[in-house]
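Chain by chain, the residues:
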Amino acid sequence: MRVDVVSVFPDYLEPLRLSLIGRAVARGRLRLGVHDLRAFTHDVHRTVDDAPFGGGAGMLMTPPPWGEALDHVRAEGRAQLGEHVEPHLLVMSPAGVRFDQAMAEDLAREPWLVLACGRYEGIDDRVLTDAARHHRVTPVSIGDYVLAGGEAAALVVVEAVGRLLPGVLGNSASVVEESHSEGLLEAPAYTRPASWRGLDVPDVLTSGDHARVARWRRDESLRRTAARRPDLLGGRSAADLDRHDLAV
Ligand code: SAM
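This is a predicted model, so every value here is computed, not measured.

Around the ligand, 20 residues are found, and the nearest of them are Met92, Gly118, Gly122, Gly150 and Ala153. Ranked by residue count, the leading element in the shell around the ligand is strand β5 (residues 88-98), at four residues. Of the residues that constitute the shell around the ligand, the class distribution is 11 nonpolar, seven polar and two charged.

Our focus in this paragraph is the UniProt feature "binding site: S-adenosyl-L-methionine" (unreviewed entry) in the chain. Here, UniProt's "binding site: S-adenosyl-L-methionine" (unreviewed entry) annotation points to Gly118, Ile142, Gly143, Asp144, Tyr145, Val146 and Leu147. Within the secondary structure, Gly143 is located in the loop between β7 (137-141) and α5 (151-162). Residue classification places Gly143 among the exposed residues on the basis of 12 C-beta atoms within 10 Å. Note that Asp144 resides in the loop between β7 and α5. By the C-beta count within 10 Å, which is 7 here, Asp144 ends up exposed.

You can see Tyr120 is positioned in the loop between β6 (112-116) and α4 (126-131). A sequence separation of 65 residues divides Tyr120 from Gly55, and the C-alpha atoms of the two residues are 14 Å apart. Non-local contacts of Tyr120, meaning those with residues more than four positions away in its chain, are made with Asp49, Gly58, Met59, Leu60 and Met61.

With 19 residues, helix α6 (residues 210-228) extends 26 Å between its outermost C-alpha atoms, agreeing within 8% with the 27 Å of an ideal straight helix rising 1.5 Å per residue. Looking at α6, one finds that the buried residues are Ser221, Leu222 and Thr225. Within α6, the buried residues cover an arc of 90° as seen down the axis, which keeps them to one side. In α6, the exposed positions angled more than 90 degrees off the buried face are occupied by Ala227 and Arg228.

With that settled, consider α5. Since there are 3.6 residues in each turn of an α-helix, residues three or four apart along the chain are aligned in direction. If you check α5, its first and last C-alpha atoms are 16 Å apart, about what 12 residues at 1.5 Å a residue would give, namely 16 Å. Buried within α5 are the following residues: Glu151, Ala153, Ala154, Leu155, Val157, Val158, Val161 and Gly162. Considering only its buried residues, α5 is in contact with β1 (2-7), α1 (19-26), β5, α3 (101-108), β6 and β7.

The next thing to look at is the environment of Gly28. Residue placement: Gly28 occurs in the loop between α1 and β2 (31-36). In sequence terms Gly28 and Arg2 are 26 residues apart; their C-alpha atoms lie 9.5 Å from each other.

A few words on the pairing of β2. Where β1 lies against β2, six bridges are found, and the strand directions are parallel. Looking at β2, one finds that Val5 is bridged to Val34. Since β1 and β2 lie parallel, the crossover through α1 that links them has a hand, and here it is right-handed.

Grouped together as the largest cluster of nonpolar side chains are 45 residues, with contacts concentrated most on Met92, Leu115, Ala116, Ala154 and Val157. Top contributing element to this core by residue count: α5, with six residues. The residues touching Ala154, leaving out its near neighbours within four places in the chain, are Val5, Leu13, Met92, Leu115 and Cys117.

Take the sheet that holds β5 next. Paired through their backbone hydrogen bonds, the strands of a sheet run either parallel or antiparallel. Taking strand neighbours across the sheet as the criterion, the five strands line up as β2-β1-β6-β5-β7 in an open arrangement whose pairing is parallel. With partners counted over all chains shown, the strands left at the sheet margins are β2 and β7, one partner each. Ignoring which end each strand starts from, the neighbouring axes of this sheet average 30° apart. Helix α2 (residues 63-81) contacts β1, β2 and β6 of the sheet and is inclined by roughly 165° relative to β1.

Basis of the calculations
Residues numbered from 1 in each chain as written. Predicted model: local features only at pLDDT ≥ 70, side-chain atom pairs only at ≥ 80, totals over all residues. Near = placed C-beta within 6 Å. Helix = DSSP H or I, 4+ residues; strand = E, 2+ residues; numbered from the N terminus. Nonpolar A, V, L, I, M, F, W, Y, C, P; charged D, E, K, R; others polar. UniProt positions renumbered as here; feature names shortened; annotations may be inferred. Buried ≥ 20, exposed ≤ 12 C-beta atoms within 10 Å, placed from the backbone. Contact = placed C-beta atoms within 7 Å. Expected span 1.5 Å × (residues − 1). Arc of directions from axis to C-beta. Pairing = 2+ DSSP bridges. Right-handed = clockwise from strand over helix to strand, strands pointing away. Core = buried A, V, L, I, M, F, W, Y, C linked by C-beta atoms within 7 Å. Axes fitted to C-alpha atoms, helices over the stretch in contact; angles between N-to-C directions.

Here it is as structure tokens:
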């Protein structure tokens, strides 16, 4: 997969060179391009913002640098991936579609993502309309709160998607057994020592009985989801839960 990120703070994306995603980049499983929006300005102040038409607080990111930056990224990517390949542009925005694990899984199947990080009061809407002339454009929100800029959101999206790419995680079973992969939160987990500060690991986990362990994890997963995120159970029909689940 290729991922390009466009931002006025390219250094903000440096954490993508660390840890799991950094290793994926170093090994070529993820091709990462980070682009400075200000490189596509032509005035001495490297201006990327202007006052919004119609008034209102704050400044808005102006279309010309965004248009040039996205054209440049598209040309560079197509030269590498082939002229038939188009990116999927994800515009970070609190007014976007809510990012979740299902979206991360869908995005992980795509060949090329471009993430646009807004600042100030966001990006002139024509940038999205213009980009949509060439390829898909999706405004993406990482949650119902407002950040100062899209960089932290881009880090979240790239990490959540990148760890799903083939060969990135050492143990691919991890991604099917974790929170949200089945619409439930993961059960509590424990490692050695079996007893610590008077707290013992549940007996079932040291029993060696794999069927009982699986049953316990399923029960705990349902219990935890009901306690912390009942909204995740809301849409689930009774038929989805077996008799034992219903009794929990
Ligand atoms: N005026 C905008 C609005 O109300 O929709 C908020 C702009 S916010 C201060 C600046 C930038 O931060 C946005 O353009 C976006 O890139 C990013 N951002 C803020 N909150 C976000 C969120 N929840 N998800 C994704 N990006 C977010």
